[in-house]
Amino acid sequence: MSDQHTAENSRRHFLKVTSIGGAAAVGAAVGVSSQAHAAAGATGSTLLPYPKKELGNAAKMSVNTPVKFDYPDASSPCVAVKMGKKVVGGVGPDGDIVAYSILCTHQGCPVNFDAASQTFKCPCHYSMFDAEMDGQMICGQATENLPRIELSYNGKTGAVTATGVNGMIYGRASNIL
């Protein structure tokens, strides 16, 4: 019986020692990781810096006329639209200029802006997205909203500039390649 009791104590002792050692190792790794992350700055963060790209002058944009551009790189087609009334996420003197990636979130087909309904329509599988409501998916096969291109507006010059992307562009693991 004393041999069994000794073996049981040895197992308990082993488990305690390894548990404490494992917890200490994890704690040390987390501390080192946190310090490295703080030192790395933007390169280690989940939000990488987006390039700034001027799209044009707000005064020269016409209501319901899409302005095509690529953002954040040449493989990412987008459009900016002056909606004619203040909308969610809109910029410009009237808060009515918005921009979206035009790659459908279902299978990446390029969507078209329909001025009459102020929606984006996918010709491949008929998903529809509301340009006035932050690119919200209205119907169809898509399950995500269109990625919204974040814009800034310079009141002195009238310049509208793309500054980021809210949402994941179709087919990408990261918006910044």
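None of these values were measured; they are calculated from a predicted model. (Residues numbered from 1 in each chain as written. Predicted model: local features only at pLDDT ≥ 70, side-chain atom pairs only at ≥ 80, totals over all residues. Heavy atoms only, no water.)

Considerations on the environment of G164
Inclusion rule: Each helix corresponds to a stretch of at least 4 residues labelled H or I by DSSP, and each strand to a stretch of at least 2 residues labelled E; elements are numbered beginning at the N terminus. Summary of the burial criterion: residues with accessible area below 20% of their type's maximum are buried, those above 50% are exposed, and those between are partly exposed, where the area comes from a 1.4 Å probe applied to protein chains only. By definition in these notes, contact holds between two residues if any of their heavy atoms fall within 4.5 Å.
Take G164: it is sitting in strand β10 (residues 159-166). A relative accessible area of 0% places G164 in the buried class. Taking the C-alpha atoms as reference points, G164 and P49, separated by 115 residues in sequence, lie 8.0 Å from one another. Residues within four places of G164 in sequence aside, it is in contact with Y50, Y71, R148, I149 and E150.

Focus: the sheet that holds strand β7 (residues 128-130)
Put simply, the test is: Paired strands, as defined in this entry, are two strands with at least two bridges between them according to DSSP. For helices, the axis comes from a line fit to the C-alpha atoms of the stretch in contact; other axes are also lines fit to C-alpha atoms, and the angle between any two N-to-C directions lies between 0 and 180 degrees.
In space, the 4 strands of this open sheet follow the order β5-β6-β7-β8, with antiparallel pairing throughout. Strands with a single pairing partner mark the edges of an open sheet, and in this sheet they are β5 (112-114) and β8 (136-139). Put simply, the sheet's adjacent strands are angled 35 degrees from each other on average, direction ignored. Here β5 pairs with strand β6 (residues 119-121) via 3 bridges, running antiparallel. By the bridge assignment for β6, F113 is matched with F120.

Focus on the pattern of salt bridges
Keep this limit in mind: The rule for a salt bridge is simple: a side-chain nitrogen of Lys or Arg has to be within 4 Å of a carboxyl oxygen of Asp or Glu.
Evaluated as defined, the whole model comprises 6 salt bridges. Of the charged contacts, one joins K82 and D96 as a salt bridge, the two residues approaching to 3.1 Å between their closest N and O atoms. Of this pair, K82 sits in strand β3 (residues 77-82) while D96 sits in the loop between β3 and β4 (97-101), and the two are 14 residues apart along the sequence. Across the pair, D96 and K82 agree in class, each one buried. Residues K85 and E132 are paired through a salt bridge, measuring 3.0 Å at the closest nitrogen-oxygen approach. Highlighted residues: K85 in the loop between β3 and β4 and E132 in the loop between β7 and β8, separated in sequence by 47 residues. A single network of salt bridges, built from pairs that share partners, joins K82, D94 and D96.

Focus: the state of the cysteines
Basically, it comes down to this: The criterion for a disulfide is a pair of cysteine sulfur atoms lying within 2.5 Å.
As enumerated under the stated definition, the model contains 1 disulfide in all. A disulfide bridge connects C109 with C124, and the sulfur atoms are separated by 2.2 Å. One disulfide, between C109 and C124, carries an S-S torsion of -105 degrees and so falls in the left-handed class. Taken together, the residues C109 in the loop between β4 and β5 and C124 in the loop between β6 and β7 connect sequence positions 15 residues apart. Of all cysteine sulfurs, the one in C122 lies closest to C104, which takes part in no disulfide; the gap is 3.9 Å. Looking at C122, the relative accessible area reads 4%, which means it is buried.

Quick word on the environment of E150
Mapping E150 onto the fold places it in strand β9 (residues 148-153). Judged by relative accessible area, which is 31%, E150 ranks as partly exposed. Through-space distance from the C-alpha of E150 to that of G164 is 4.9 Å; in sequence the pair is 14 residues apart. Excluding anything up to four places from it in sequence, E150 contacts T161, A162, T163, G164, V165 and N166.

Side note on the pairing of β4
With 5 of its 5 residues buried, β4 lies for the most part within the structure. By the alternation rule, side chains of β4 split into I97, A99 and S101 and V98 and Y100, which are all buried.

Regarding the packing of aromatic side chains
Note the following rule: When two rings of Phe, Tyr or Trp (its six-membered ring) have centres within 6.5 Å they constitute a pair, described as stacked for plane angles under 30 degrees, edge-to-face for angles over 60, and tilted for the intermediate range.
What the rule picks out here adds up to 3 aromatic pairs. Between Y50 and Y71, the ring centres sit 6.3 Å apart and the planes meet at 25 degrees, which makes this aromatic pair stacked. Of this pair, Y50 sits in the loop between α1 (2-40) and β1 (53-57) while Y71 sits in the loop between β2 (67-70) and β3; the two residues are 21 residues apart in sequence, bridging distant segments of the chain. Residue Y71 is classed as buried on the basis of its relative accessible area of 1%. Ring pairs connect the aromatic residues Y100, F113 and F120, which therefore count as one cluster.

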